[in-house]
Amino acid sequence: MSAPARVVYTLQELAVALGLPYRGDAALQFRAMAPLSSAQEDELSFLQDSKYLPLLAQTRAGALILSPEHAEQYDGAAIWSENPYASFAQAMQFLYPEKALTPWRSPDARIAADADVDPSARVEDFVQIGSGAKIGPGVWLESGVVIGPGVEIGAACHLYPGVKVLAESRIAEHCIIHSNAVIGADGFGFAQTEAGYEKIPQVGRVILGARVEIGANTCIDRGALADTILGDGVKIDNLVQIGHNVVIGADTVIAGQTGIAGSTRIGCRCRIGGQVGFAGHLNIADGTVIAGQSAITHDIRQAGVYSGVIPAQDARTWRRTIAQLNRLDGILRRLRGAAKAAHDSSST
Amino acid sequence: MSAPARVVYTLQELAVALGLPYRGDAALQFRAMAPLSSAQEDELSFLQDSKYLPLLAQTRAGALILSPEHAEQYDGAAIWSENPYASFAQAMQFLYPEKALTPWRSPDARIAADADVDPSARVEDFVQIGSGAKIGPGVWLESGVVIGPGVEIGAACHLYPGVKVLAESRIAEHCIIHSNAVIGADGFGFAQTEAGYEKIPQVGRVILGARVEIGANTCIDRGALADTILGDGVKIDNLVQIGHNVVIGADTVIAGQTGIAGSTRIGCRCRIGGQVGFAGHLNIADGTVIAGQSAITHDIRQAGVYSGVIPAQDARTWRRTIAQLNRLDGILRRLRGAAKAAHDSSST
Amino acid sequence: MSAPARVVYTLQELAVALGLPYRGDAALQFRAMAPLSSAQEDELSFLQDSKYLPLLAQTRAGALILSPEHAEQYDGAAIWSENPYASFAQAMQFLYPEKALTPWRSPDARIAADADVDPSARVEDFVQIGSGAKIGPGVWLESGVVIGPGVEIGAACHLYPGVKVLAESRIAEHCIIHSNAVIGADGFGFAQTEAGYEKIPQVGRVILGARVEIGANTCIDRGALADTILGDGVKIDNLVQIGHNVVIGADTVIAGQTGIAGSTRIGCRCRIGGQVGFAGHLNIADGTVIAGQSAITHDIRQAGVYSGVIPAQDARTWRRTIAQLNRLDGILRRLRGAAKAAHDSSST
């Protein structure tokens, strides 16, 4: 069961909108998009990965987006694309467009007298905007958002309910920040003394580039002295922790629950799995790919795929493996001794 | 020091309420429940695990809930139960009942004109309820809760302060959602293009069954096309990440900080530890048990206990083990060579 | 680029404020602090770690805080300190002081009639304070904070926007709680029955000592029967999960995304890395240090450095290592057999 489209397109309209060639009944109407396996006759689907080729014979989808080479194996209605997945994303944007934003300032929003809120912005109930903040055109601040003093939010950003942006952060245009994310909390900085830990005031900012997306409940700490910086097009999933002074290059994507300790620099176009942990003060090369749950404890100077994941297995077997791993030193030493003794005695 | 009971019960009253036999002074009063080791004379305790049997001789508890077999080893006041831990849970519910909900609509809540809020609900200050939302009888929406347009909340749900429920989510009756949890944020879906990442609109919903409990700051993403679904009785701890299109079967429990990537299906009655990571598009059998911090990278077709945990140890020893692990390939090859050479030469 | 200081100090003023000796032009003015590598002439820097000694020859900083021994290798303006990092922290506090708090009660805060809010506190818009709560002098409750019934907040605490403090928690003086943290949600307590899971009412509190700092989106659950307790000076980073009945000793620091299961007791002055997972019901010795991402599954009785981290590596190499690890049992058995056979035959 797929969500019904917000707008109904014909096959021809969609092909034209995508700027792609098509084959089939131009007047065919689509009321939703759906995966190959569950799509119905009034739904559009797509094929990206050739491992799903066998589904072509079975799918009931009204039409498919697929690559010209796969198109030969399918004789139904089709839109041809060199990158079917990207065309699927675009088709989704046509079929399920964002609602147009109605400008509004809720009488229940509290906006500092010297804040500069563009008249085309939408500011919902219970939003607080601090002194000197700037809110660009077409920005949507949903219920309970807090914008701290001196913060700047660029054009067409969408901040979902409960987002907090503090510490004079700068957010460029077209960013999306999901509910309860916290941008600009203090970094974790303390100096050890005999009397315990002395707090190091955190005085840097968070700088987000254009088209950045930040997941729900994610935290991006302000810099300690300098700034924490995310480049254009960076996409961060939910519950991610980004420490102070981290720098992330453009178009890098980071999956849920990953944590990046302070001052680590991650390159452009990296793809980082979920629950990865980065130590602090590292440098990670452009284009690096890291498997989920890996621990990154050293610089990565060369792009490639990195992993330290241990796939879970039957717990009893695993306990034996761990026991053996922990005795490995002794076992190997004894084996080397035995091999050497046998070799020595056999060669005499 | 245990929290004082909100209601005082006698031994007899409690046994009757639990529907269980008892032994001892019917008029004995309980002012709290407490663990065996710290319980005082006016406190009730319980014994579940036989490893705590030695504590029976020492406990000062006024009475115990324990199984008939253990009851023979204890001559104090007692309530007999085949499942003492479950009876303890029930006794807690009697001694520490939820306060009755007083219906209320705060004048500081902002409720869309066409939202349908049952008159028996309690809606606190700074709550926002969107257009077309339905709030069932006896629902408690605490301060700062946001209910998006078209969301439905079933009878007797309790949403703690700061919870956000978005994206036309459906929540069945008797659910508990703890503070700042986010239900229905966008899933993490992007298509890679030459120009960076294209956002795939997320248009599915979140569907929660009855008696689901969701921990604080947990995120449950809306489906991409179809829905994200949690069955009846599912219990999720704090800071858990549940990706788009995940399906979780009834009565599965998941501990804190676990993450489940998109489209993974987890069976019924599974028990999942904390900080576990699931890759996407997996199938996990009913009744599976997974140790904390494990990585699940493949389907689990057979119920059982699974683990990939490495217990920490002295860091110097561990560094040696890791070094050996990384040289394992070469070491084993040399050993095999040596063993073979010795064997060959000795057998000539 | 470092954040400009909020207050300008001369070298002499700063040395006097720190109570430390200095050398150089007393009238030298500092407009910021900065790292050695990027500091300019009007900026103050510091040297803690001798691995940065080579930077002394290159730094353009106007003056340095450094230890007397390192001072001999540097002939510029200097403040001498036995603990340069702690003196840096203090200098930051002088140069970047907190703004003085202006007492205020927003007309948009909702405060129970019987709550006791000190007149010197600052209570922002959309704050809700429950019945019987006590808010001490100089407390700052930012926008959207919720203080539950019966909660007590000590003097000079700062609760950032969106913090929720529930369940009659007690918070001592000078605590800092960052945005959207949740103090006092229910612990994860259920009893398994044939009909599913029975909720165990959570009735304990959270008790925070003085000078505790809690990171953004961190969760500290209320106790089940007794309390969850954090000692004086404990520092907790973002997105940390602390289960019910956990006890943490004074001056322990815990990095981001670490999780501590119920009833575990952690000693004083421990240093715990990020993404560490603790099983429940453990005891961890005072002064223990744990590397990030480690799994702690057993008591730690002796202070030391503990680790179970696997540094990520080239994914293909790692897959081979894992395969070998999983076949280790069989390989070692065969090698032992071969070594023994060779030895036997060679010794006949």
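Residues numbered from 1 in each chain as written. Chains lettered and ligands numbered in written order. Predicted model: local features only at pLDDT ≥ 70, side-chain atom pairs only at ≥ 80, totals over all residues. Heavy atoms only, no water.

An unreviewed UniProt entry annotates chain A as UDP-3-O-acylglucosamine N-acyltransferase originating from Igneacidithiobacillus copahuensis. According to UniProt, the comment filed for chain A under the heading Sequence similarities (unreviewed entry) is "Belongs to the transferase hexapeptide repeat family. LpxD subfamily." Recorded in UniProt for chain A, the comment headed Catalytic activity (unreviewed entry) runs: "a UDP-3-O-[(3R)-3-hydroxyacyl]-alpha-D-glucosamine + a (3R)-hydroxyacyl-[ACP] = a UDP-2-N,3-O-bis[(3R)-3-hydroxyacyl]-alpha-D-glucosamine + holo-[ACP] + H(+)". (UniProt positions renumbered as here; feature names shortened; annotations may be inferred.)

A.B. asks: Can you explain the packing of helix H1 (residues 11-18) of chain C against helix H3 (residues 84-95) of chain C? Please cite residues and give values.
C.D. replies: Residues and elements named next belong to chain C. Packing of H1 against H3 leaves a shortest axis separation of 10 Å and a crossing angle of 115°. Judged by the sense of rotation from one axis to the other, the crossing of H1 with H3 is right-handed. Contacts between H1 and H3 involve Leu14, Ala17 and Leu18 on the former and, on the latter, Ser87, Gln90, Ala91 and Phe94. Residues that form the contact of H1 with H3 fall into these classes: 5 nonpolar, 2 polar and no charged. (Axes fitted to C-alpha atoms, helices over the stretch in contact; angles between N-to-C directions. Helix = DSSP H or I, 4+ residues; strand = E, 2+ residues; numbered from the N terminus. Left-handed = near helix turned anticlockwise from the far one by under 90°. Contact = heavy atoms within 4.5 Å. Nonpolar A, V, L, I, M, F, W, Y, C, P; charged D, E, K, R; others polar.)

A.B. asks: I'd like a description of the sheet that holds strand E18 (residues 164-165) of chain C, backed by residues and values.
C.D. replies: Residues and elements named next belong to chain C. Strand order in the open sheet made by the 10 strands is E9-E12-E15-E18-E21-E26-E29-E32-E35-E38, with parallel pairing throughout. Looking at which strands have only one partner, the edges of the open sheet turn out to be strand E9 (110-111) and strand E38 (295-296). Direction of pairing for strand E32 (residues 259-260) relative to strand E35 (residues 277-278): parallel, over a ladder of 2 bridges. Note that in E35 the partner of Ile260 across the bridge is Phe278. (Pairing = 2+ DSSP bridges.)

A.B. asks: Describe in detail the domain arrangement of chain A, supporting the description with residues and values.
C.D. replies: Structurally, chain A comprises domain 1 (9-95), domain 2 (104-306) and domain 3 (315-347). For domain 1 of chain A versus domain 2 of chain A, the separation of C-alpha centres amounts to 36 Å. (Domains from an automatic or database assignment.)

A.B. asks: Let's hear about the relation of the copies chain C and chain B: which residues, and what values?
C.D. replies: The pair of chain copies shares a relation made of a rotation about an axis and a shift along it. Of the two same-sequence chains, chain C is brought onto chain B (RMSD 0.1 Å, axial shift 0.0 Å) by a rotation of 120°. In symmetry terms, the pair is related by a three-fold rotation axis. (Least-squares fit on C-alpha atoms with pLDDT ≥ 70 in both.)

A.B. asks: I'd like to hear about the interface of chain A and chain C, residue by residue, with values.
C.D. replies: The figure often quoted for interface size is the accessible area lost as the parts come together. Taken residue by residue, the interface counts 71 residues in chain A and 64 residues in chain C. Its largest share of buried area at the contact with chain C, chain A owes to A:Phe188, A:Tyr197 and A:Leu225, together 14% of the area lost on that side. A salt bridge links C:Asp108 to A:Arg110; its shortest N-O distance comes to 2.3 Å. On inspection of chain A and its partner chain C, the count reaches 27 residue pairs in polar contact (both at pLDDT 80 or more). Put simply, the parts of the chain that give the side of chain A that touches chain C at least two residues each are strand E21 (182-185), strand E22 (190-193), strand E23 (196-199), strand E26 (219-221), strand E38 (295-296), strand E39 (305-307), helix H4 (315-326) and helix H5 (328-347) of chain A. Per-element accounting of the side of chain A that touches chain C gives the leading share, 8 residues, to H5(A). (Buried area = accessible area lost by both parts, 1.4 Å probe. Salt bridge = Lys/Arg side-chain N within 4 Å of Asp/Glu carboxyl O. Polar contact = N/O pair within 3.5 Å; in protein donor to acceptor, adjacent residues only side chain to side chain.)

A.B. asks: Go over the interface of chain C and chain B, please, and point to the residues and values.
C.D. replies: Each partner contributes to the interface: chain C provides 72 residues, whereas chain B provides 64 residues. For the pair chain C and chain B, the two sides together bury roughly 5,400 Å², of which 62% comes from carbon and sulfur. When the buried surface of chain C facing chain B is broken down by residue, C:Phe188, C:Tyr197 and C:Leu225 rank first, second and third, together holding 14% of it. Taken together, chain C and chain B are joined by 2 salt bridges. In this assembly, chain C and chain B are joined by 27 residue pairs in polar contact (both at pLDDT 80 or more). Listing elements by their share of the side of chain C that touches chain B, those giving two or more residues are strand E21 (182-185), strand E22 (190-193), strand E23 (196-199), strand E26 (219-221), E38, strand E39 (305-307), helix H4 (315-326) and helix H5 (328-347) of chain C. Along the lines of polarity and charge, the residues of the side of chain C that touches chain B split into 36 nonpolar, 25 polar and 11 charged. Bridge analysis of strand E40 (residues 313-314) of chain B against E39(C) gives 2 bridges, and the strand direction is antiparallel.

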